[in-house]
Amino acid sequence: MNKNNFFSFNRFGLLLRNDILLNYKQYLLMIPGAFLAGYVILYLNMPTNQYARDFYPSTYGGLFIVCLIGLGAFIGLGFPSLNSKTGAQNYLLIPCSTFEKFLSQFIIRIVIGTALFFVLFYIDALLARVTALQVLSRYESHAQIPVFQYSYLFYNMNEDQSLIKDALFLFFVSLGMYLFSVRLYFTKIALLKTILTLAASIIIIMLTVFGFSHLFYPGAYGLDVHLNHYKIYNNYDNFDIFMFTILSVPWLFFLPLGYFKLKEKQI
């Protein structure tokens, strides 16, 4: 095989097949594990006694975010062969281009992983509801539990908040791309180091904002943040647009960052 070619469907298919053959046991354990964990989380947060309050549709959104932690961990555990020097050497010697190696992990960890997550969460929500209602059926009057719909994730948002919806969606996309790409900069316990790096970056950004507030507004005290707000678009001001940009744009940079880091390892 000519590994200098940028992309070959046959070679890419063999690479995916090789990954599945090497890690299929791990994947087969992860799927039922994720299914069971999601079911337990949802069921434990649903009403199961006579005096419990109704289960609000918006509650599904919070539980969805909790379950996203598992998807984030799966994404952050990409490129498992790079966790050791021997494994990294063997992985980098595979006669495939850097793009094919990067794309294969992207498809397995992000595309397939995210699709399975949405399917499993939906099934978990339905089964947890049926189980909870079965328990509540012993009582004459009991709490109501609505059937899960993905529209409930934005239940409290109206059409005027479409920009916030887009920002939240792109924020989670950026977070996933960060976990997937920055992991390539570490070898051992890469996921933990990636998370710690993210936390450190957030702290640095916050300290920078506080620092500029104190610099330009001497009257600022403690962790106060002073900004001059002015309208830009509909009901959104300059701070809203700034936060939208900060939350939604980074994913455009994380993917090239990860690709060129893998290419650097390949060289």
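Residues numbered from 1 in each chain as written. Predicted model: local features only at pLDDT ≥ 70, side-chain atom pairs only at ≥ 80, totals over all residues. Heavy atoms only, no water.

**Topic: the overall build of the chain**
Here's step 1: Across its full length, the chain carries eight helices and two strands.
Here's step 2: Along the chain, helices and strands appear, N-terminal first, in the series α-α-α-α-α-α-β-β-α-α.
Here's step 3: In terms of overall dimensions, the chain has C-alpha extents of about 70 × 60 × 30 Å along its principal axes.
Here's step 4: Sorting the 267 residues of the chain into buried and exposed places 32% on the buried side.
Here's step 5: Pairs at least 24 residues apart make up 71% of the contacts formed inside the chain by residues separated by at least 6 positions.
Here's step 6: When the accessible surface of the chain is totalled, it reaches about 16,500 Å², and 68% of it is carbon and sulfur.
Here's step 7: Looking at the chain, you have 18 positive and 12 negative side-chain charges, and the mean spots of the two groups are 20 Å apart. (Helix = DSSP H or I, 4+ residues; strand = E, 2+ residues; numbered from the N terminus. Buried < 20%, exposed > 50% of the residue type's maximum accessible area, 1.4 Å probe, protein only. Contact = heavy atoms within 4.5 Å. Areas by Shrake-Rupley, 256 points an atom, 1.4 Å probe, with all protein chains shown as cover. Lys, Arg positive; Asp, Glu negative; His and termini not counted. Charge placed at Lys NZ, Arg CZ, Asp CG, Glu CD.)

**Description of the side chain of Arg183**
Here's step 1: Looking at the secondary structure, you find Arg183 in the loop between helix H5 (162-182) and helix H6 (190-216).
Here's step 2: Although buried, Arg183 forms no salt bridge, and the nearest oppositely charged side chain, Asp19, lies 11 Å from it.
Here's step 3: Polar contacts involving the side chain of Arg183 include one to the main-chain carbonyl oxygen of Phe186, which spans 2.9 Å.
Here's step 4: Once residues within four sequence positions are removed from consideration, Arg183 is found in contact with Gly76, Gly78, Phe79, Leu82, Asn83, Tyr178, Ala190 and Thr194. (Salt bridge = Lys/Arg side-chain N within 4 Å of Asp/Glu carboxyl O. Polar contact = N/O pair within 3.5 Å; in protein donor to acceptor, adjacent residues only side chain to side chain.)

**A look at the packing of helix H2 (residues 59-76) against helix H4 (residues 98-136)**
Here's step 1: It is the contact of H2 with H4, at a shortest axis distance of 10 Å, that shows an interaxial angle of 145°. The chirality of how H2 crosses H4 is right-handed. The segment H2 lies against H4, with Tyr60, Leu63, Phe64, Cys67, Leu68, Leu71, Phe74 and Ile75 engaging Ile108, Arg109, Ile110, Gly113, Thr114, Phe117, Phe118, Phe121, Ala125 and Arg129.
Here's step 2: Looking at the contact of H2 with H4 residue by residue, the class counts come to 14 nonpolar, two polar and two charged. (Axes fitted to C-alpha atoms, helices over the stretch in contact; angles between N-to-C directions. Left-handed = near helix turned anticlockwise from the far one by under 90°. Nonpolar A, V, L, I, M, F, W, Y, C, P; charged D, E, K, R; others polar.)

**Let's talk about the nonpolar core**
Soluble globular proteins: nonpolar side chains tend toward being buried together.
Here's step 1: Ranked by internal contacts, the top residues of the largest apolar core, which has 41 residues, are Tyr60 and Phe79.
Here's step 2: Taken together, the elements giving at least two residues each to this core come down to helix H1 (9-44), H2, helix H3 (85-92), H4, H5, H6 and helix H8 (251-266).
Here's step 3: Broken down by element, this core gets its largest block of residues, eight residues, from H4.
Here's step 4: The residue makeup of this core includes at least three contributed by each of domain 1 (1-156) and domain 2 (160-267).
Here's step 5: In this view, Phe79 contacts Tyr91, Lys101, Phe102, Gln105, Phe180, Arg183, Leu184 and Leu262; residues no more than four positions away in its chain are not counted.
Here's step 6: Core analysis: the next-biggest nonpolar cluster, separate from the first, contains five residues, Phe12, Leu16, Phe74 and Ile108 among them. (Core = buried A, V, L, I, M, F, W, Y, C linked by side-chain atoms within 4.5 Å. Domains from an automatic or database assignment.)

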